Structures are given as structure tokens and as C-alpha cells.
Amino acid sequence: MADIIHLLPDHVANQIAAGEVVQRPASVVKELLENAIDAEASTVKLIVKDGGKTLIQVVDNGTGMSPTDARLSFERHATSKIRNAEDLFSLHTKGFRGEALASIAAIAHVEMQTRPASSIVGSLIKIEGSSLISQEVTAGVQGTSIAVKHLFFNIPARRNFLKSNQVELRHITDEFHRIALAHPSVSLHFYSNGSEIAHLPASNFRKRIVHLFGGKTNDKLVPVHEDTQVVKIEGFICRPEYSKKSRGEQFFFVNNRFIRSPYLYHAVLNAYEGLIRADHFPGYFLHLEVPPASIDINIHPSKTEIKFDDEQTLYAILRSTIKHSLGQFSVSPVIDFDQDPLLNTPYAFRNRDASQPQVAVDAGFNPFKSGAADAYTASVSKKRQQHALEHMYLGLQSLGGDRDLSAAGNVEPETMASSIFEGQAEPEENMVTTFQLGRKFILTTIKSGILVLHQARAHQRVLYEKFLRIITVRETISQQLLFPLKLSFSKTEMNILEELKDNLTSLGFIFGKREDEWLSITGLPALIPEVEAGIVLDRLISEYQQEVPGASFSQSDLLAKTLAKTLAIKTGDLLETTSQMALLNDLFACKETELSPFNKPIYITIPEGDIAKKFN
Ligand code: ADP
Ligand code: MG
């Protein structure tokens, strides 16, 4: 048999490697920014066009490269950062694989201009799809500028897979945030389609956070500081009352590298136990410094996952450090937080009369005392109860307008309800009874046996259909606000709101003026209580951000789902009988009654026969 194995030509091998390194424009941004940082630049400029599809350019004032290095840098496994395998265990740089530039050059048009400090001339190199087009001597400033144009020009399938420019820009912005937070001492500029997205002067970590996420953030931050032999922890966590219903601002950096770690996240969450509601997420910005030899960052091509030698110790230290910071904050509020009360008000309530807080915080909470969590649960559930009832009422208004709560039991169901509920003919004597089980299910009898309804899912379905109808039919019911609500959003968040604006307006949001990070809202959908507006918008923004690439995706569907999930009653909410009944009626007036908007079953039935069998 003839030999059939042959070596792949370099440009093919590079294209294959590119598939791992470059998923989307944001991956190129990450690699180029990291290279600039590794080159010890003090100022870095990022310029993108059309979500990075047309142009991604990074200009740095770092070390630059000699003409030979410039050419070599595009070869696979060409790196100045490690020489042998041992070097992997003492890494102080971001890169080390030497495949980023080779991969990028395999799937784009790349132009690099670079000059080291030691030379008065620099070089200009052009490469398209791994082939060298030209290399010339140029003048030029010290440092390196790399422009990547027409990404995936030679892989149409990949290019078609890219999302809209706005979505790609958001991914780029996420990468930019991570680099910016990892390196506050580097000055960064970011332009998109000719307009400035961010201008970050060199500063410290706290100021960098505030520059990125807005002045409101400063009030939220609690410092964290710990120095042990295993790990050094520096940074900030967000005060518990600013926890969000969506993930939002959560950043771990290990040795100045952004990483994801569900395990460490769990340690943080654990430290917040009893201070935030179960469905809320704490914000954090934490730098961990560990000996390079104690981690392995080699396990993931995009290098956001990492393996620690001694995870358990790290977990314990992180958890107790955060508990300590939170404890200090709650026992000595005078030191840090005795400010103008206006500044202490959560942003959603600024310029508003005082009203019920969104999240209950136990001021006397002592994280080291056991039992604290129980007390919290008790205090929260009272509030939630109140909340739940308001929402039930909300659900009621959502169908049939002014339905009277007290009459809810007497409603004459025309739809499916009439076929499954028994005894509807003489409502007065033969009222359907319902009761709640475990604050999670509603039980009622039906002709054939028992119906068990999942309260949260049922209400999600009711609200989802209502919101979808409002958006698609545009039957907007807006409630004008007496005083405009002023909410603060970061630039990225503002951009997302801009994208969602049409649908939000048809829902009933009325947007007023926008000044820097403040957006005024003059009208709200009738279904959204004023105190919830900030939370609802935050949640929408983050759901939109997390939208899965490639999933078929309709903005209105996502909006309706998110609103339904945010505003629906929850497991744990206590419902009065009238509300239970109303929920049943509302559900069975829906188009789809069996599945929640998230495709989970809403109710089950237990036939009387099955019950009888148990007595055999
Ligand atoms: P890695 O960063 O893993 O070493 P890259 O493909 O990203 O691999 O870069 C290859 C080499 O090119 C780097 O090791 C570095 O020597 C050089 N290089 C890349 N970008 C820059 C830059 N902006 N300034 C100076 N040198 C750079
Ligand atoms: Mg690199």
C-alpha cells in the first residue's frame, strides 16, 4: 500500500490553529492587547470598525521589534516569552504559546509597523492569509501597531457565523474591560467607528473600576486585603445591598490574568451567605496573586481557565477574607459610610422619595455567628410576601383589566378552565378550593383528581404572554411618572439600551434625556412597578449580553422572557387563596398552558384512581 500520511502545509496548519485561538473579533482584541501589555507598553490604543469585522487595530508604545523579530513573530511557535518547558512554571507574561500572530495572519489581512527603541528605523510588514505580501523599512514611532483587516476573509463559513456588529462590539468591550481592570497602570484608549468609547488614564484599581463602570460604583466598593504565603488578595467586593439579579460585574484576576473559576466564585458566594437574597449575585473585582509555579494556565487555549495546586486552601482563605471585609463593613458603618445620605441611597432611588428597599440587609449581621442566616431569612420572607402579593395583583391586572380580587373565585371560565374545574355551575355554593403547598405549588381538585400547579412557572407563563402581546401588538400602556426616574448606566449598558430601545418603547418605556451616565425615564410600562424599573433594566441588559451566540434569537422574545422571569412570583412567596385562584384562572386563559416560557412543565395531574390505588 502506498504511503498516505503527509505533513499539512503551514498555511493549512495555521488556519486550523486559528480555529482554536480566534473565535471572533474579540479574541483578536484579547491577543493583541495582551501582546502590547507583554511588550511593557504604558499607553495602548484600541481601534475597531464594524464590531471588529472590518478593522481591529492596536497601537502600543512598548518595546517594538527588530526587522527579523517582526518577520518571525508571525511564525507558529515563535515566541520571545519562554525558551524551555521549565519556563512555563515561572510565567510572568500573558502569552507564551507563540501562536496568536500566526493564527491571526492565517485568516485576515495584517499590517504591522514596529520599531524598537534601539533603532531609528522600523519595519512595515504586510501578510494576507499567511503569505508575506511585503516587508519594508519605514520611519515611525517606537512601539508596535498591528492592524487586522477583513477577519475570516478566507473562511466564509466563519465570517457568516459572526453576529451583528453590536453584539461583536460587546464581546470586544468585555475583553477590553478585563484587560483594563487587570492593568490599571496602563493608559488605555478605545475607539469604535471613529467615536471614543473609553479613555482611561493610568491610575489605581479603584479609580479604574469607577472610570469603567461609572461614578455610582464608588459607593458600592468594600476593600478586600489579605496577604498569606499561599495567596495575596487585593481588590473590592460590592456592598451586599448592591447585589444584582444578574451576574454583572464579577471579575477574578490571577497574576493579572482574567480567569473564570466556578470554584472560587462559590467561595465568594458562600461569604455573602445571609447577606444577599438567594437569587442575587454579588459584584466583585478581585486580584489574586499566587506563586507562578502553583498554577497551570496551560489547560485552555483561550487561557481563561486555570488549575491551582491547592484549591481548597485558596477557597478557605478567599471565603474568610471576604467574610472579614463584609463583617468590618457591617459592624463599623460609621467609618466608611457615614456620608451624605443621598450618596448612600441605591442609585435606582436617587432623587426619589424613600420607599421600600429592594434587598433586605441585616445591619447587625455578624458573619461569624451561626444562626445569623436564619434571622435574615425570616426578615426577608416577610418582605417577599408583600412583594408577591403586589405581583399577583400585577398579574391580575394583566388580564381582563380591572378584575376584582374578591370576586376572583367567582370568575366564569370559558376556556379550558371550564372543562377541567368541577363545580363551576353554581359558584356560590360549590366554590373551587385551592391551597398552597410548600410555598411552591398550588393544589386544586379537578374532575379527574388533583391538579398540582408550579406557582412560579405559571405566573411566568401568564406574564410572558402578556408582555409578548404588548410588544408585538404594540398595545402600549404607559404610566407617566410624576418625577422622572434617573438611572445610571455605564457606556456599554447605554449602548445595549440603545439597541433595545424600539422594543422597550413599544413596551411602554418612555426615555427622556441622557446625560453622560444618567438616563432619565419619564414613563414606564403599566405592568412594571417604579421601584422595579432599575432592576428590570439591569436584568434585561445582562440577559441580552449573555445571549448565546448562534442561537436563533428574537429580541422581543428575550425581552418578554426576561420580564416574565424578573417580575413573576417566586417559589417561597406566600399566596392568599384569592391570589391562588386568580393565578389558576389567568394560566388557563393563556394560549399555552402546559409549559413555562423556559419549556418547563407548569402543572401535573394526579388521577383519583392513582390515589385510590395507594389505599389498596
Ligand atoms: P506569544 O505572545 O504567545 O509569545 P504571539 O504570537 O502573540 O505569541 O507573539 C509572538 C511574539 O511576537 C511575541 O513573543 C513577542 O516577542 C512578539 N510581539 C508580538 N506583539 C508584540 C508587540 N505588540 N510588541 C512587541 N513584541 C511583540
Ligand atoms: Mg501573544
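Up top you'll find the structure we're talking about.
Residues numbered from 1 in each chain as written. Chains lettered and ligands numbered in written order. Predicted model: local features only at pLDDT ≥ 70, side-chain atom pairs only at ≥ 80, totals over all residues. Heavy atoms only, no water.

J.: So what about helix α2 (residues 25-38)? Which residues, and what values?
T.: Think of an α-helix as turning once every 3.6 residues; residues three or four places apart then point the same way. Compared with the 20 Å implied by 1.5 Å per residue over 14 residues, the 20 Å span of α2 between its first and last C-alpha is a close match. Within α2, 13 of the 14 residues are buried, which leaves the element mostly enclosed by the surrounding structure. Where α2 terminates, the next one or two residues include Glu40, which has phi positive at roughly 60°. (Helix = DSSP H or I, 4+ residues; strand = E, 2+ residues; numbered from the N terminus. Expected span 1.5 Å × (residues − 1). Buried < 20%, exposed > 50% of the residue type's maximum accessible area, 1.4 Å probe, protein only.)

J.: Got a sec to walk through the site of ligand 1? Specific residues and values, please.
T.: Taken together, 19 residues form the shell around ligand 1, and within it Asn35, Thr79, Ser80, Lys81 and Gly98 come nearest. At 2.6 Å, a side-chain N or O of Thr79 approaches an oxygen atom of ligand 1. With respect to ligand 1, the side chain of Thr144 contributes an N or O atom lying 3.3 Å from a nitrogen atom. Computed on the free molecule, ligand 1 has an accessible area of 530 Å², of which 93% lies beneath the protein chains in the complex. (Near = heavy atom within 4 Å. Polar contact = N/O pair within 3.5 Å; in protein donor to acceptor, adjacent residues only side chain to side chain. Areas by Shrake-Rupley, 256 points an atom, 1.4 Å probe, with all protein chains shown as cover.)

J.: Before we move on, could you go through a nonpolar patch on the surface and cite the residues and values that matter?
T.: Judged by side-chain polarity, Met1, Ile4 and Ile5 come together as a nonpolar surface patch covering roughly 480 Å² of accessible area. Here Ile5 lies in the segment before α1 (10-21). Here Ile5 falls in the exposed class, since its relative accessible area comes to 81%. (Patch = residues over 30% accessible without salt bridge, like charges linked within 9 Å, V, L, I, M, F, W, Y side chains within 5 Å. Salt bridge = Lys/Arg side-chain N within 4 Å of Asp/Glu carboxyl O.)

J.: Can you break down the nonpolar core residue by residue, with the values?
T.: Taken as a class, soluble globular proteins show a tendency for nonpolar side chains to be buried jointly. Counting residues in hydrophobic clusters, the biggest one holds 59 residues, and the most contacted among them are Leu32, Leu46, Val148, Phe176, Leu181, Phe190 and Phe285. In contact with Val148, other than residues within four places in its own chain, are Val28, Leu32, Thr54, Leu55, Ile56, Ile104, Ala108, His109 and Val110. In this structure, Leu487, Ile528, Ala564 and Leu567 belong to the second largest nonpolar core, which totals 35 residues. (Core = buried A, V, L, I, M, F, W, Y, C linked by side-chain atoms within 4.5 Å. Contact = heavy atoms within 4.5 Å.)

J.: How would you sum up the pairing of strand β9 (residues 221-227)? Please name residues and give values.
T.: Along any regular strand, the residues point their side chains to alternate faces of the sheet. Bridge analysis of β9 against strand β10 (residues 232-238) gives 7 bridges, and the strand direction is antiparallel. Each residue of the ladder has a partner; that of Glu226, found in β10, is Ile233. Counted between consecutive antiparallel strands, the loop separating β9 from β10 contains 4 residues. (Pairing = 2+ DSSP bridges.)

J.: How would you explain the packing of helix α15 (residues 491-507) against helix α16 (residues 533-546) if you had to name every residue and give the values?
T.: The contact between α15 and α16 brings their axes to 10 Å, and the two run at 100°. When the axis of α15 is compared with that of α16, the two are roughly perpendicular. Packed against α15, whose contacting residues are Thr492, Glu493, Ile496, Leu497, Glu499, Leu500 and Leu504, the element α16 presents Leu537, Leu540, Ile541, Tyr544 and Gln545 at the interface. (Axes fitted to C-alpha atoms, helices over the stretch in contact; angles between N-to-C directions. Parallel < 35°, antiparallel > 145°, perpendicular 65-115°, else oblique.)

J.: Account for the side chain of Arg115, naming residues and giving values.
T.: Tracing the chain through its elements places Arg115 in strand β3 (residues 109-115). Polar contacts involving the side chain of Arg115 include one to the main-chain carbonyl oxygen of Gly140, which spans 2.5 Å. What Arg115 contacts, discounting residues up to four positions off in sequence, is Thr63, Gly64, Met65, Ile120, Val121, Gly122, Gly140, Val141, Gln142 and Gly143.

J.: Kindly report on the layout of surface pockets, identifying the contributing residues and their values.
T.: Looking at the largest pocket, its volume works out to about 1,300 Å³. For the largest pocket, the lining is made up of 45 residues, of which Asp174, Arg178, Phe258, Arg260 and Gln546 are closest to its centre. Listing elements by their share of the lining of the largest pocket, those giving two or more residues are α2, α6 (165-182), β11 (250-254), β12 (257-259), α8 (262-271), α15 and α16. Counting residues per element, the lining of the largest pocket draws most heavily on α6, which supplies 7 residues. The class makeup of the residues in the lining of the largest pocket is 15 nonpolar, 16 polar and 14 charged. (1 Å grid on protein atoms, 1.4 Å probe; cavity = no way out; pocket = protein on both sides within 12 Å on 5 of 7 lines; lining within 4 Å. Points joined across faces, edges and corners; volume = space filled by probe spheres on them. Nonpolar A, V, L, I, M, F, W, Y, C, P; charged D, E, K, R; others polar.)

J.: An account of the pattern of salt bridges is requested, with residue identities and associated values reported.
T.: Throughout the structure, instances matching the rule amount to 14 salt bridges. Measuring nitrogen to oxygen at the nearest pair gives 2.9 Å for the salt bridge that ties Glu241 to Arg239. Taking relative accessible area as the criterion, Arg239 reaches 6% and is therefore assigned buried. The closest approach of N and O atoms between Glu543 and Arg539, which form a salt bridge, is 3.8 Å. Within this pair, Glu543 and its partner Arg539 are both found in helix α16, separated by 4 residues, close to a single helical turn. On the basis of relative accessibility, which here comes to 26%, the residue Glu543 falls in the partly exposed class. The exposure class of Arg539 is buried, given its relative accessible area of 9%.

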